[in-house]
Every structure is written in structure tokens, then in C-alpha cells.
Amino acid sequence: MVLPERLEIYTYSDYKNKEDDNRYELINGRFYAMTPAPSRIHQKIITELSRSIGNYIEGNSLSCEVYVAPFDVRLIDDGQTEDSCTNVVQPDISVICDKTKLDDKGCIGAPEFIIEVVSPSNASVDYVKKLYLYEKFNVKEYWIINPNTEHIMIYTLGENNQYSEPFIFKFTEIISSKFLQGYEVKLSDIVKK
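The structure presented is a predicted model; accordingly, all values stated were derived computationally and were not measured.

Conventions we followed
- Per-chain numbering applies: the sequence of each chain, read as written, is numbered from 1 onward.
- Reporting of local features is limited, given that this is a predicted model, to residues whose pLDDT is at least 70; pairs of side-chain atoms are given and counted only at 80 or more, and all residues count toward the totals for whole chains, interfaces and linings.
- Where side-chain values are given, they derive from all heavy atoms of the structure, hydrogens and water being excluded.
- Every helix listed is a DSSP run of H or I at least four residues long, and every strand listed is a run of E at least two residues long, numbered separately from the N terminus.
- Taken over C-alpha atoms, the radius of gyration is set against a globule rule of 2.2 Å times the number of residues to the power 0.38.
- Each residue's exposure class comes from its accessible area (1.4 Å probe, protein chains only) as a fraction of the maximum for that residue type: buried when under 20%, exposed when over 50%, partly exposed otherwise.
- Whether two residues are in contact is decided by their heavy atoms: any pair within 4.5 Å suffices.
- Here, Shrake-Rupley sampling with a 1.4 Å probe gives the accessible areas, and only protein chains in the shown set may cover a residue.
- For Phe, Tyr and Trp, rings pair up if their centres lie within 6.5 Å, where Trp contributes its six-membered ring, and each pair is then called stacked (planes under 30 degrees apart), edge-to-face (over 60) or tilted (otherwise).
- In this scheme, strands are said to pair when DSSP sees at least two bridges between them.
- Whenever a helix is involved, its axis is fitted only over the stretch in contact; in every case the axis is a line through C-alpha atoms, and angles between N-to-C directions fall within 0 to 180 degrees.

Draft legend 1. Quick peek at the overall build of the chain. Scanning the chain from terminus to terminus reveals 4 helices and 14 strands. Taking 193 residues into account, the globule formula puts the C-alpha radius of gyration at 16 Å, and the chain, at 16 Å, falls close to it. Across its three principal directions, the C-alpha atoms of the chain cover 45 × 35 × 30 Å. For the chain, buried positions account for 47% of its 193 residues. Sequence-distant contacts, at least 24 apart, represent 56% of the contacts inside the chain between residues at least 6 apart. Carbon and sulfur atoms provide 49% of the accessible area of the chain, an area that totals close to 10,000 Å².

Draft legend 2. Spotlight on the packing of aromatic side chains. Going through the model one piece at a time under the given rule, you end up with 9 aromatic pairs. Judged by centre distance (5.6 Å) and plane angle (65°), the rings of Tyr24 and Phe31 are edge-to-face. Phe31 carries the same exposure label as Tyr24, and that label is buried. Where Phe113 meets Trp143, the ring centres are 5.2 Å apart and the plane angle is 65°; that geometry is what we call edge-to-face. Separated by 30 residues along the polypeptide, Phe113 in strand E9 (residues 113-117) and Trp143 in strand E10 (residues 141-146) bring together distant segments of the chain. What links up through ring pairs into an aromatic cluster is the set Tyr134, Tyr142, Tyr155 and Tyr163.

Draft legend 3. Examining the sheet that holds strand E11 (residues 151-156) more closely. Read across the open sheet, the 6 strands follow the order E3-E6-E9-E10-E11-E12; overall the sheet is mixed. Looking along the sheet, the strands with just one partner apiece sit at the ends: strand E3 (65-68) and strand E12 (167-170). Geometrically, the sheet is characterised by an average inter-axis angle of 15° between neighbouring strands, direction not taken into account. Across 4 bridges, E3 lies against strand E6 (residues 93-96) in antiparallel orientation. The partner of Val66 across the bridge, within E6, is Val95. Those strands touched by helix H3 (residues 123-136) are E9, E10 and E11, and its axis lies near 170° from that of E10.

Listed below in C-alpha cells is the structure:
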């Protein structure tokens, strides 16, 4: 849901100084309200997937870290400072392998791998706005998981820094990550736990 706004563009400085208790994301200088309480299945998918990915990373001695929302990812365009950046998102799951991007406030720059679990109230943000944003900032792999349709769309960044056509899977199929080579999961198993 887009909030009514003033005409000027909002920045990370405005984001930090928001005076209400609601959660927001800032995309292209506009505030988007986050769903107050996602569904139980939404949270279960995030919890179990982040655990599964974390176990895979640890078991394979990879130098990556997994974070779940709320976790600020600041995407800074050329010519912007941290305070003047106009994109601050809270992906459901972020995998960051370049630890120089991490600070006490979250992540500066794009995670290598992002997963979003769609909520009906903000589906267009995940399918359109974030897809464009994550491609622009070179997120190597982006999964969009829809619990209602039980489908997963997987976008991978090509050599031309553009996403290829998505691979589409059902929850009952085994899916694998191109970025985390060797990582496989079947979401129907995760949802049943």
C-alpha cells in the first residue's frame, strides 16, 4: 500500500526519522507500508527457509550470512550518500557474502541472494517494484514465493546484468539455487513441518 505523500522524494534520513511505529520500505523515494502481521504460513516459510539456508551455508563452510526481516538493506545510487539514498528495503530473507556490506544498521548495497514471500496486500511491490530494483542493484538471485498459488519464481542475473526469464516451480518440486550451488529444497516439505 502506497502512503499519501508530499511531492518531494523521501530519503533514508526521512526513513530513520519516521515518527510512527509502523514498518515501511522506501522504493524510489516513496514509502510503502509493510503488512502489519503476515500470515502464519508466510512466517513459517521464512523461518524454515532461513534455517535451511543457514544450515547449508554452515555445512559447506561458506562465508555468507543469512538475515530475516526486519533487516534494512540500503541501496545507494551513484551520487547519493547513505542519508540521501532513496531505496531502503526489508527483504524477507537476505543472504550476504560480502561482509564489508554489513554494519550495525543492516546492509549497505545489495545482498547476493534475496527471497520475498508474497503477501496479498503487497504482491505488486514484490513482483514489479522490487524485481526492477533488485535487478538494477545486481542481486544475483531473487526468489518470489507465493503461498496462495504455491509457486516460486526464480530470477538469476545474467552476464548482461539483467534477469533471465524466471524459472517457475510448484511447492511440490525440488528447487535449487544457482547462486548457492548445491542447495536444494522442496517447499511442500517445509510447509508440512
